[in-house]
Amino acid sequence: MKRVAYHNLGCKVNSYEIEAVTSIMKEAGYSITPFDEEADVYIINTCSVTNIADHKSRQMINKARKRNDNAIVIAMGCFVQEIEDEDRRKLNCDIIIGNNRKHNILDDIDRFKKEKSLIIDCEDINNPDACYENLRMTDAPSHTRAFIKVQDGCNEFCSYCIIPYARGRVRSRDIGDIENEINNLAMKGCKEFVLTGIHISSYSVEEKVEKRKLIDLIERVNNIEGVKRIRLGSLEPRIITDDFLKRLVKAQKVCPHFHLSLQSGCDSVLKRMNRKYTTEDFSKSAELIRRYYDNPALTTDIIVGFPGETEEEFDVTYDFLSDIHFHEMHIFKYSRRKGTRADKMDDQIPESIKKERSKKLINLSNKMSEEYMRSYLDREVEVLFEEEVVVDDVRYFQGYSREYIKVLIKSDDDLSNKIIVCVGKNIVSNCLLVEKIK
């Protein structure tokens, strides 16, 4: 049997796409083998969000070539989409597949076998007439949770971000196609579905005839039999309105966990980032969510050390984050990305300052996370358990509450992929220790 190995870099959309591509390969008779073993085909799904991601993409391509010099090495995704043809030809691979062309992988492999020369299968991703690429997962990598891609592309053009150039303009997936994929995975036992994309708040903004919205999609998924939980990927604060939440709260399978994109808690920095909202807008969105949901989890992303960020601006961000009080914050040190406006900005912040500011926000995030978890002590939590783990030499089953709190329970029973109502008892290794309600 032919063997294929893959390595995925980057975001949840990339994770979805590599799973869809491996589904294509399996249907064609390939078996999946670990990346560090010998295979007939190696696929590297690349990322280009930072210069470091570019470097890792090149590194993994070279590693694949060293594994088996006779194998077909395929590089696909954002990194190879974004670079010029001249640079593509320098890569140590046989086939290069850009975004929106991954469905063509088997044809590209056949072409390479016949022509024995580099195949470059890329299109102009910024063509306004580009359509959504219909990939599809036949099996979820986890029988508990599946990430479902619902749209591609971004129209925002934040000053630090290369992704609109690598992914193109917003293109949305047909609701019926999404329903069919989720229905198939739900019948196979998957209980939780995460609606993801490059910018899901823009779902269907490009439609000229049938003007759908993200909330329409959510309501349709909520009605699918077998779906027990729905999570939403990163949302723009602007989508959080009374009308949106009035409908959302009625979709009872939606988890009270909201990842709201922020990046900075200072308006002057947000303006330089070309973000389309203010801290006041964000605060109103957080307040609205807390009005409709009881103690929901709010999470966010923050970039520290953006060009020109003064100590005063950082202090404003720190105070703003403290006031909002998140369950979790993902802290990123600003990384220069060639091809973006921010890369050319004056007053680039030294790495030592970025490191210091990052440490302060990580400490703040840890403090707020523990406080949020403690708010669920002696309270009921509904947990979807996933797998057995060992923490401090003790065996537990691990899962997540609807609020996306990581949960541990001692149990002799196999609880994988079971939903159980528990009560919070303690905090262990940054997890909520629970007991079943008897």
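Look up: the structure comes first, before these words.
As a starting point, this report considers the structure included with it. (Residues numbered from 1 in each chain as written. Predicted model: local features only at pLDDT ≥ 70, side-chain atom pairs only at ≥ 80, totals over all residues. Heavy atoms only, no water.)

Here we come to the overall build of the protein. Regarding its fold elements, the protein presents 13 helices and 18 strands. In terms of C-alpha radius of gyration, the protein reaches 22 Å, essentially the compact-globule figure of 22 Å for 438 residues. By principal-axis analysis of the C-alpha atoms, the protein measures approximately 65 × 55 × 55 Å. Here the protein, with 438 residues, has 55% of them falling under the buried criterion. Residue pairs in contact within the protein that sit at least 24 positions apart in sequence constitute 73% of those at least 6 positions apart. Carbon and sulfur atoms form 46% of the exposed surface of the protein, whose accessible area is close to 20000 Å². Distance between charge centroids for the protein: 1 Å, based on 70 positive and 75 negative side chains. (Helix = DSSP H or I, 4+ residues; strand = E, 2+ residues; numbered from the N terminus. Rg over C-alpha atoms; globule rule 2.2 N^0.38 Å. Buried < 20%, exposed > 50% of the residue type's maximum accessible area, 1.4 Å probe, protein only. Contact = heavy atoms within 4.5 Å. Areas by Shrake-Rupley, 256 points an atom, 1.4 Å probe, with all protein chains shown as cover. Lys, Arg positive; Asp, Glu negative; His and termini not counted. Charge placed at Lys NZ, Arg CZ, Asp CG, Glu CD.)

Here the phi dihedral of N100 falls at roughly 75°; this positive angle occurs in a residue that is not glycine. By secondary structure assignment, the location of N100 is in the loop between β5 (95-97) and α5 (105-115). The class of N100 is buried, set by a relative accessible area of 6%. The phi torsion at N430 lies on the positive side, around 60°, for a residue other than glycine. Tracing the chain through its elements places N430 in the loop between β17 (419-428) and β18 (431-436).

Once that is clear, we can look at the environment of N8. Position of N8 relative to the elements: it lies in strand β1 (residues 2-8). With relative accessibility at 22%, the residue N8 sits in the partly exposed group. Sequence-wise, N8 and N70 are 62 residues apart; in three dimensions their C-alpha atoms are separated by 21 Å. Residue contacts for N8: discarding those within four places in its chain leaves N14, S15, I18 and N45. Reaching out from N8, the side chain makes a polar contact with the side chain of S15 at a distance of 3.4 Å. At 2.9 Å, the side chain of N8 and the side chain of N45 are in polar contact. (Polar contact = N/O pair within 3.5 Å; in protein donor to acceptor, adjacent residues only side chain to side chain.)

Across all of its chains, the model carries nine aromatic pairs by this definition. Geometrically, the ring pair formed by F157 and Y165 is edge-to-face, given 5.4 Å between the ring centres and 75° between the ring planes. According to the relative accessible area criterion, F157 is partly exposed, its value standing at 26%. Residue class for Y165 comes out partly exposed when judged on its relative accessible area of 39%. Between Y372 and Y376, the ring centres sit 5.5 Å apart and the planes meet at 65°, which makes this aromatic pair edge-to-face. Taken as a pair, Y372 and Y376 share a single burial class, namely buried. Here a set of aromatic residues connected by ring pairs shows up, and it is made of Y160, F306 and Y334. Of note, R379 hangs over the ring of Y376, and the distance from its end group to the ring centre comes to 4.6 Å. (Phe/Tyr/Trp six-rings, centres within 6.5 Å; stacked < 30°, edge-to-face > 60°. Lys NZ or Arg CZ within 6 Å of the ring centre and 35° of its normal.)

When you line up the elements, M76 lands in strand β4 (residues 72-77). Overall, the relative accessible area of 0% leaves M76 in the buried class. Sequence separation between M76 and G98 is 22 residues; the distance between their C-alpha atoms is 5.5 Å. For M76, the residues in contact, after removing those within four places along its chain, are I18, V21, I43, I44, N45, T46, I97 and K102.

Further remarks concern the sheet that holds β18. An order of β14-β15-β16-β18-β17 is seen for the five strands of this closed barrel, with the pairing classed as mixed. Strand-to-strand twist in this sheet, taken as the mean axis angle between neighbours without regard to direction, amounts to 50°. (Pairing = 2+ DSSP bridges. Axes fitted to C-alpha atoms, helices over the stretch in contact; angles between N-to-C directions.)

In short, the description is geometric, and any link to function would need to be established separately.
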